[in-house]
Amino acid sequence: MEKKHTNASVFELDGIPKFSQALPLALQHVVAMIVGCVTPAIIVSGAAGISGADRVILIQASLVFSALATFLQLFPIGPRNKLHLGAGLPVILGVSFAYVPSMQAIAEGYGIGTILGAQIVGGVVAILVGLTIRKIRKFFPPLIAGTVVFTIGLSLYPTAINYMAGGTGSADYGSWQNWAIALFTLAVVTFLNHFTTGFLKLASILVGMAAGYVVAFFCGMVDFSSIGEAGLIQLPQLFHFPLHFEISSCVAIGLLFAINSVQAIGDFSATTSGGLNREPKTDELQGAILGYGISNIIGACFGCLPTATYSQNVGIVSTTKVVNRCTLGLAALIILIAGLLPKFSALLTTIPYCVLGGATVSVFASIAMTGIKLVMTEEMNYRNTSIVGLAAALGMGVSQASASLALFPDWVTTIFGKSPVVIATLVAIFLNVTLPHEKDRMPKPEPNDIY
């Protein structure tokens, strides 16, 4: 009789390792993702102008459903040799910055409920992508994905700068105190990133934010009133934010879901190649994208903003070779418990905007550089540089001068004028399909030219 596979190594995909080994490795993943997971909710709630209690609920849902989405990817539902939900691969999911520019625009014009309604449509789009991934994958090579990611990073810079100055609309916006604390936070993050190793390097954003928070506290910039008002334990609330479906918002978010569904293939490929020394199987990729769509549909009903795989956690898996699903599942459990504690979520709402801006500006820079790295995996000839340059120029240009669309219908401004990502994506795909490749443009050599 075969012995049950327990006390497995953390370097094995399946099995249960010792808790003493799994816990520090799980905490490593939690530290790497938790700031990034809650920051989009803070940014979007600020754009929507919602109250402190609703901000807590938005952050709480981000943590809870990021954990549940991670569980689904780690431990799929359904037979592995047939259509199933989840990849069964070692990944961590969290609320994605990729949607933030579009969500900010929608939140300012329509509110949180419209974002969540569009997210449900996006989840359906992701499911369709999962079912047809073999046919549409060719339209999203690294050149296109990289251009989109680069544009997302660029579009987030104004958000970081406004936060460093204290948050648009605040009474002390642009004060020297805000800038001093923001730059101090950024300096700590930068120092830890470049002059330390191990835990401090991994937790650079978290430690930098904690250092900035302490300074802000002694400067009298932290208000703890929201913590006292929050309960001890609370489950996410179904339809707390009433869903609203607005066509232009659904188009904008739906397109991003299609892009991120295909882009997720890169993260899953990095996980399997770096941690398991193989490429992901087709059924794993299909299950991953289907699970991504379903988890976002359910999450939207409870107020969780769009989630996606976290590249920083993929990097940890590739570096440490710790691929054990139960170890990553323990990380998801810790995130889930944190999400069920409203006082923890309320504590996160007390972070001053200047601290948040100082900590996240490096994250946004990293997103832009990730896009550049993706682009650079292909030859930077005249054709490819034209695609990247024109897509980024039109996307960023139109969004920065959205008044140029003032005479168009409102839906045109919502889809194309508020976020650069949609225009950049469509332009990049169109140019990639229509522009001739360099080898196609080269004249055929004459017979005499061969000798």
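Residues numbered from 1 in each chain as written. Predicted model: local features only at pLDDT ≥ 70, side-chain atom pairs only at ≥ 80, totals over all residues. Heavy atoms only, no water.

In the annotation of an unreviewed UniProt entry, the entry for the chain reads Purine permease, and the organism field reads Candidatus Caccovicinus merdipullorum. Under the UniProt heading Sequence similarities (unreviewed entry), the note attached to the chain is "Belongs to the nucleobase:cation symporter-2 (NCS2) (TC 2.A.40) family." Its UniProt record, at the heading Subcellular location (unreviewed entry), says of the chain: "Membrane". (UniProt positions renumbered as here; feature names shortened; annotations may be inferred.)

Explanation requested: the overall build of the chain in the structure shown.
The helix and strand tally for the chain stands at 20 helices and 2 strands. The C-alpha radius of gyration of the chain comes to 22 Å, within 12% of the 22 Å expected for a compact globule of 451 residues. Each principal axis of the C-alpha distribution contributes one length, and for the chain these read about 85 × 75 × 45 Å. The burial tally for the chain puts 54% of its 451 residues in the buried class. (Helix = DSSP H or I, 4+ residues; strand = E, 2+ residues; numbered from the N terminus. Rg over C-alpha atoms; globule rule 2.2 N^0.38 Å. Buried < 20%, exposed > 50% of the residue type's maximum accessible area, 1.4 Å probe, protein only.)

Help me understand the side chain of S261, please; the structure alone is not making it clear to me.
Assignment of secondary structure puts S261 in helix α11 (residues 247–276). Among all residues touching S261, those that are not within four sequence positions of it are A126, V129, I289 and Y292. (Contact = heavy atoms within 4.5 Å.)

Explanation requested: the packing of helix α2 (residues 52–74) against helix α14 (residues 325–339) in the structure shown.
Direction vectors running N to C along α2 and α14 enclose 160°, while the axes themselves pass 7 Å from each other. Considering their axes alone, α2 and α14 lie roughly antiparallel with respect to each other. As α2 packs across α14, the resulting crossing turns out to be left-handed. Within the contact between the two elements, α2 uses Q60, L63, V64, A67, L68, T70, F71 and L74 and α14 uses R325, L328, G329, A332, L333, I335, L336, A338 and G339. Split into classes, the residues belonging to the contact of α2 with α14 amount to 12 nonpolar, 4 polar and 1 charged. (Axes fitted to C-alpha atoms, helices over the stretch in contact; angles between N-to-C directions. Parallel < 35°, antiparallel > 145°, perpendicular 65-115°, else oblique. Left-handed = near helix turned anticlockwise from the far one by under 90°. Nonpolar A, V, L, I, M, F, W, Y, C, P; charged D, E, K, R; others polar.)

Can you help me understand the packing of aromatic side chains in this one?
Aromatic rings in a pair are described by how distant their centres are and how their planes are angled relative to each other. According to the stated counting rule, one finds 6 aromatic pairs in the structure shown. An angle of 25° between the planes, with centres 5.2 Å apart, marks the rings of F191 and F195 as stacked. Of the two residues, F191 and F195 both sit in helix α7 (residues 176–195), 4 residues apart, roughly one turn of that helix. Among the residues examined, F195 registers a relative accessible area of 63% and is labelled exposed. Look at F217 and F218: their rings are 5.4 Å apart centre to centre, the planes differ by 75°, and that puts the pair in the edge-to-face class. A network of ring pairs unites the aromatic residues Y99, F257 and Y292 as a single cluster. (Phe/Tyr/Trp six-rings, centres within 6.5 Å; stacked < 30°, edge-to-face > 60°.)

Please explain a nonpolar patch on the surface as it appears in this structure.
A cluster of nonpolar side chains, contributed by V214, F217, F218, F224 and L347, occupies part of the molecular surface with about 490 Å² of accessible area. Counting through the fold element by element, F217 comes out in helix α9 (residues 204–218). (Patch = residues over 30% accessible without salt bridge, like charges linked within 9 Å, V, L, I, M, F, W, Y side chains within 5 Å. Areas by Shrake-Rupley, 256 points an atom, 1.4 Å probe, with all protein chains shown as cover. Salt bridge = Lys/Arg side-chain N within 4 Å of Asp/Glu carboxyl O.)

I would appreciate a short explanation of the pattern of salt bridges in the present structure.
Here the idea is simple: oppositely charged side chains can pair when their charged atoms come close. Under the definition given, this model contains 2 salt bridges. As a salt-bridge pair, E284 and R278 come within 3.0 Å of each other at their nearest N and O atoms.

Help me understand the side chain of Q104, please; the structure alone is not making it clear to me.
As for its position among the elements, Q104 is in helix α3 (residues 100–109). A relative accessible area of 16% places Q104 in the buried class. Polar side-chain contacts of Q104 include one of 3.2 Å to the side chain of T159. If we ignore the near neighbours within four places in the chain, the residues touching Q104 are I43, A47 and T159. (Polar contact = N/O pair within 3.5 Å; in protein donor to acceptor, adjacent residues only side chain to side chain.)

Could you clarify how one ought to interpret the environment of I429 in this entry?
With respect to the element layout, I429 can be found in helix α19 (residues 420–434). In this structure I429 comes out as buried when scored by relative accessible area, which is 18%. Once residues lying within four places of it in the same chain are set aside, the contact partners of I429 are F139, F140 and I144.

I tried to follow the environment of V44 on my own but got confused; where do I start?
Relative to the helices and strands, V44 resides in helix α1 (residues 19–48). Residue classification places V44 among the buried residues on the basis of a relative accessible area of 0%. Put simply, V44 and A105 are 61 residues apart on the chain and 9.1 Å apart in space, counted from C-alpha to C-alpha. The contact partners of V44, leaving out residues within four places of it in the chain, are M103, A107, I112, I115 and L305.

Explanation requested: the state of the cysteines in the structure shown.
One covalent bond between the sulfur atoms of two cysteine residues makes up a disulfide. Overall, the coordinates contain 0 disulfides when judged by the stated rule. Summary of cysteine pairing: C37 is not part of a disulfide, and the nearest cysteine sulfur, belonging to C304, is at 7.1 Å. The thiol of C354 is not disulfide-bonded; the next cysteine sulfur, from C219, is found 8.6 Å away. Among the residues examined, C354 registers a relative accessible area of 1% and is labelled buried. (Disulfide = S-S within 2.5 Å.)

Sorry, what's going on with the environment of I43 here?
For I43, the position within the fold is in helix α1. Among the residues examined, I43 registers a relative accessible area of 2% and is labelled buried. Filtering out sequence-adjacent residues up to four positions away, I43 remains in contact with F97, V100, Q104, T159, Y163 and F364.

Can you help me understand α14 in this one?
Spacing of three or four residues puts side chains on the same side of an α-helix, whose turn is 3.6 residues. Along its 15 residues, α14 runs 21 Å from first to last C-alpha, staying within 8% of the 21 Å computed at 1.5 Å per residue. With 11 of its 15 residues buried, α14 lies for the most part within the structure. Restricting attention to buried positions, one finds in α14 the residues R325, T327, L328, G329, L330, A331, A332, I335, L336, A338 and G339. Here the buried face of α14 lies against α1, α2, α13 (311–320) and α15 (342–349). Measuring from the side-chain oxygen of the N-cap residue of α14 to the backbone nitrogen of C326 gives 3.1 Å; that N-cap residue is N324. (Expected span 1.5 Å × (residues − 1).)

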